[in-house]
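# Inside the fold
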Amino acid sequence: MPAPAFVALLNEQIGHEFAASQQYLAIAVYYDDETLPRLAGFFFAQALEERNHALMMVQYLLDAGEAAPIPAVAGPQNGFGDVVEPVALALDQEKRVTEQINALAASARDAGDYSSEQFMQWFIKEQIEEVASMNDLLKVVERSKDNPLLAEEYLAREAPGEEGADPTAPPVAGGAV
Ligand SMILES: [Fe+2]
Ligand SMILES: [Fe+2]
């Protein structure tokens, strides 16, 4: 049985992951409207990843016989001043999520809930990658501020975040899409 304090925190985290998904959708739509299809595509894919993170947590709770209510989420920021602002927001969000994931792992460990601690290991690794790729993208869009097509070319050339299926990823409730 997962520790009650961990379950409560994980229920909150499901909301944070869905909120991140909505925020990335809002960013993707902004870039799509600016006719920057590679930046839009990158964030549409990130939105789907965040949705899957939420549903990995839902599946963990279901497997453990715990309730997994789907929470309401606060609205995302829509509309941005320039092409850099959304990526800066995304990097802040990923750093915040990293702290939340670490707090979840610490809570599980403190309670002697080693199954939940192990469940969090994949997310710890994932956050290192997400912060790194968002850091890279921020540098690129800052350099491309006056010519966003340079960022488009970077995304076309490097295809960050398109490393394919990860067989170590936890299962997603309803199956991954
Ligand atoms: Fe996430
Ligand atoms: Fe993320």
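For the structure given in this document, a descriptive report is provided here. What you see is a predicted model, and the numbers here were worked out from it, not measured in a lab. (Residues numbered from 1 in each chain as written. Chains lettered and ligands numbered in written order. Predicted model: local features only at pLDDT ≥ 70, side-chain atom pairs only at ≥ 80, totals over all residues. Heavy atoms only, no water.)

### Considering helix α1 (residues 4-33)
When the terminal C-alpha atoms of α1 are compared, their 44 Å separation across 30 residues agrees well with the 44 Å that a helix rising 1.5 Å per residue should span. Among the residues trailing α1, Thr-35 stands out with phi positive, at a value near 55°. (Helix = DSSP H or I, 4+ residues; strand = E, 2+ residues; numbered from the N terminus. Expected span 1.5 Å × (residues − 1).)

### Overview of the coordination of the iron ion (ligand 2)
Ligation of the iron ion (ligand 2) by protein atoms is provided by Glu-50 (OE), Glu-94 (OE), Glu-94 (OE) and Glu-130 (OE), these donors lying 1.7 to 2.5 Å from the ion. One can describe the site at the iron ion (ligand 2) as irregular: its four donor atoms subtend angles covering 54 to 146° at the metal. The distance between the iron ion (ligand 2) and the iron ion (ligand 1) comes to 3.5 Å, with Glu-50 serving as a donor to both metals. Here Glu-94 is found in helix α3 (residues 85-110), whereas its partner Glu-130 is found in helix α4 (residues 114-143), with 36 residues between them in sequence. (Donors = N, O, S within 2.8 Å, 3.2 Å for Na, K, Ca; no water. Tetrahedral: all angles 85-135°; square planar, octahedral: opposite > 155°, others 65-115°.)

### Here we look at a nonpolar patch on the surface
Judged by side-chain polarity, Leu-25, Val-29 and Phe-44 come together as a nonpolar surface patch covering roughly 230 Å² of accessible area. By relative accessible area, which is 33% here, Leu-25 ends up partly exposed. (Patch = residues over 30% accessible without salt bridge, like charges linked within 9 Å, V, L, I, M, F, W, Y side chains within 5 Å. Areas by Shrake-Rupley, 256 points an atom, 1.4 Å probe, with all protein chains shown as cover. Salt bridge = Lys/Arg side-chain N within 4 Å of Asp/Glu carboxyl O. Buried < 20%, exposed > 50% of the residue type's maximum accessible area, 1.4 Å probe, protein only.)

### Quick look at the packing of aromatic side chains
Within this structure, the stated rule accounts for nine aromatic pairs. Summarising the aromatic geometry, the rings of Trp-122 and Phe-123 are spaced 5.2 Å apart at their centres and angled 90° between planes, so their arrangement reads as edge-to-face. The two residues Trp-122 and Phe-123 agree in class, both being buried. Aromatic rings pair up to connect Tyr-24, Tyr-30, Tyr-31, Phe-42, Phe-43 and Phe-80 into one cluster. (Phe/Tyr/Trp six-rings, centres within 6.5 Å; stacked < 30°, edge-to-face > 60°.)

By themselves, these observations are geometric and do not establish any function.
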